[in-house]
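A structural walkthrough
Residues per chain are reported as follows:
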Amino acid sequence: MTQAARAEAALDDALHDRARKAAAQERHIDYRSPAGEPALVAPDSVQWRVFRNPVALGVGGVAAVLLEFADARIRSGVWEHSVYPVDPIGRSRRTGLAAMVGVYGPQSTARAVIAGVTRMHARVGGTTPDGTAYRALDPELLDWVHATASFGFMKAYDRFVRPLSAADQTRFFAEGEPVGALYGVRHPVRSEADFTAMMERLLPRFEPHPINLEFLDIIASGKAAPNVPRALHRALARGAVAILPPVVRKRLQLGGEWNLSLADRAMLRLAGTLADRVHDKSSPAWAAAERLGLPGRFSWLEPKQQRRILLARG
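Every value quoted in this text rests on a predicted model; they were computed, and no experiment measured them.

**A short note on the overall build of the protein**
- Tallying secondary structure elements over the protein gives 16 helices and two strands in all.
- The burial tally for the protein puts 47% of its 314 residues in the buried class.
- Partitioning the contacts of the protein with sequence separation of at least 6, the portion at a separation of at least 24 is 73%.
- Accessible surface, the protein as shown: approximately 15,300 Å² in total, 56% of it carbon and sulfur.

Set out below in structure tokens:
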């Protein structure tokens, strides 16, 4: 074995060791206690409605990653300083956990989790292949990462679950500001127009890269949830590409093989609609509602019913 091969093998072993340690340290979040402690986001919010839907989270999360990886600074930071190259599913799961606790978790727990993420990001920095310096806590990158998540989840729910009114879309963006502020976001997007303006400023930096295709292939493979039909995984990956702004998709060179077919669209709409009707008693949304003394199904109720319950509680 050559010296270069030995070095690469040692690096791979180190990454796998980090992945095992990260998995062992995954935090269990108790959404049911402390009783009465509010979340950072209100229970009658649009975010509580959107984040309980796994199809919206899956499609929106993949779209957000593609938007982030379009910028070499973020892509390099994730690929060089995390276990993503060897454990993309575990890394994505932990990222999803941080998103869920920000919406449903008790404020004290959410603040602790976000502070831990920020401490970890403080150690991340380096240089992209073209020589551009980056650091994870760069305000511009923090703003963009938060914007991509907000855009992805909102757009996925609107497209594949239930249409959101213009007012609800605006509310969705605004409701995420307290969480974004804890991550260090300075310029939160408050509308899709704001998102588009931020995207256009960063667009000259966007570029195609094999990592984007590798990521999509992982999603389409179904490894993240082997019990779910593979066809749904492929539809999810194509759905994520479909909600990208066309100019970004073109810049990333995601061609016709990622087009959303009529069957894909029907499958996502059916899965998204069915998931929205399932009152999942094991979900963070149900547990968080009970923590607040509300019916577990609270986030599944129509806004008028939610307002009536909240008014009755004073």
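**Quick notes on the packing of helix H7 (residues 139-160) against helix H10 (residues 192-202)**
- Two elements in contact, H7 and H10, have axes separated by 10 Å at closest approach and are oriented at 135 degrees. Regarding the angle of H7 to H10, the classification is oblique. Relative to H10, H7 is oriented so that their crossing is left-handed. The residues of H10 that touch H7, namely those facing Glu140, Asp143, Trp144, Ala147, Thr148, Phe151, Met154 and Lys155, are Glu192, Phe195, Met198, Met199 and Leu202.
- Of the residues contributing to the contact of H7 with H10, the split by class is eight nonpolar, one polar and four charged.

**Focus: the pattern of salt bridges**
- Across all of its chains, the model carries 13 salt bridges by this definition.
- For glutamate 207, the salt bridge goes to arginine 75, with nearest N and O atoms at 2.4 Å. One end of the pair, glutamate 207, is in the loop between H10 and helix H11 (210-221); the other, arginine 75, is in helix H4 (residues 72-81), with 132 residues separating them in the sequence.
- Looking at arginine 75, the relative accessible area reads 3%, which means it is buried.
- With a closest N to O distance of 2.9 Å, arginine 190 and glutamate 177 form a salt bridge. Here the residue arginine 190 occupies a position in the loop between helix H9 (177-183) and H10, and glutamate 177 occupies one in helix H9, the gap between them amounting to 13 residues.
- On the basis of relative accessible area, glutamate 177 is assigned to the partly exposed category, the value being 21%.
- When salt bridges that share partners are traced, they join Arg49, Asp168, Arg171 and Glu175 into one network.

**Overview of the nonpolar core**
- Grouped together as the largest cluster of nonpolar side chains are 80 residues, with contacts concentrated most on Trp48, Val50, Val59, Tyr104 and Trp144.
- Tyrosine 104 has contacts with Tyr31, Ala39, Gln47, Trp48, Phe51, Arg52, Pro284, Ala285, Ala288 and Arg291, leaving out every residue within four places of it along the chain.

**A word on unusual backbone geometry**
- Put simply, serine 33 and proline 34 share a cis peptide bond, and its omega is 0 degrees.
- Residue position: proline 34 is located in the loop between helix H1 (3-24) and helix H2 (46-51).
- Of note in this structure, glutamine 253 is not a glycine but carries a positive phi near 55 degrees.
- You can see glutamine 253 is positioned in the loop between helix H13 (246-252) and helix H14 (262-277).
- The class for glutamine 253 is exposed, based on a relative accessible area of 59%.

**Regarding H11**
- Taking 1.5 Å of rise per residue, 12 residues should cover 16 Å, and H11 covers 16 Å from first to last C-alpha, within 8% of that figure.
- Taken residue by residue, H11 has Ile211, Asn212, Phe215, Leu216, Ile218, Ile219 and Ala220 as its buried positions.
- The positive-phi residue at the C-terminal boundary of H11 is glycine 222, with phi of around 85 degrees.

**Side note on the packing of aromatic side chains**
- Inspection of every chain in the model, using the stated rule, returns 10 aromatic pairs.
- An angle of 65 degrees between the planes, with centres 5.0 Å apart, marks the rings of phenylalanine 51 and phenylalanine 153 as edge-to-face. Residue phenylalanine 51 is found in helix H2, and its partner phenylalanine 153 is found in helix H7; the two are separated by 102 residues along the sequence. Accessibility assignment for this pair places phenylalanine 51 and phenylalanine 153 in one class, buried.
- Taken together, the aromatic side chains of Phe51, Phe153, Phe172 and Phe173 make up a single cluster linked through ring pairs.

**Digging into the confidence of the model for the protein**
- Mean pLDDT over the protein works out to 89, with 88% of the residues at or above the 70 mark.
- Of all secondary-structure elements in the protein, the lowest mean pLDDT belongs to H1, at 43, while helix H15 (residues 284-291) reaches the highest, 98.
- A low-confidence stretch, residues 3-25 stays under pLDDT 50, and its non-local contacts, those more than four residues away or across chains, total 14 contacts.

Definitions and cut-offs
- Residues numbered from 1 in each chain as written.
- Predicted model: local features only at pLDDT ≥ 70, side-chain atom pairs only at ≥ 80, totals over all residues.
- Heavy atoms only, no water.
- Helix = DSSP H or I, 4+ residues; strand = E, 2+ residues; numbered from the N terminus.
- Buried < 20%, exposed > 50% of the residue type's maximum accessible area, 1.4 Å probe, protein only.
- Contact = heavy atoms within 4.5 Å.
- Areas by Shrake-Rupley, 256 points an atom, 1.4 Å probe, with all protein chains shown as cover.
- Axes fitted to C-alpha atoms, helices over the stretch in contact; angles between N-to-C directions.
- Parallel < 35°, antiparallel > 145°, perpendicular 65-115°, else oblique.
- Left-handed = near helix turned anticlockwise from the far one by under 90°.
- Nonpolar A, V, L, I, M, F, W, Y, C, P; charged D, E, K, R; others polar.
- Salt bridge = Lys/Arg side-chain N within 4 Å of Asp/Glu carboxyl O.
- Core = buried A, V, L, I, M, F, W, Y, C linked by side-chain atoms within 4.5 Å.
- Expected span 1.5 Å × (residues − 1).
- Phe/Tyr/Trp six-rings, centres within 6.5 Å; stacked < 30°, edge-to-face > 60°.
- pLDDT = per-residue confidence, 0-100.

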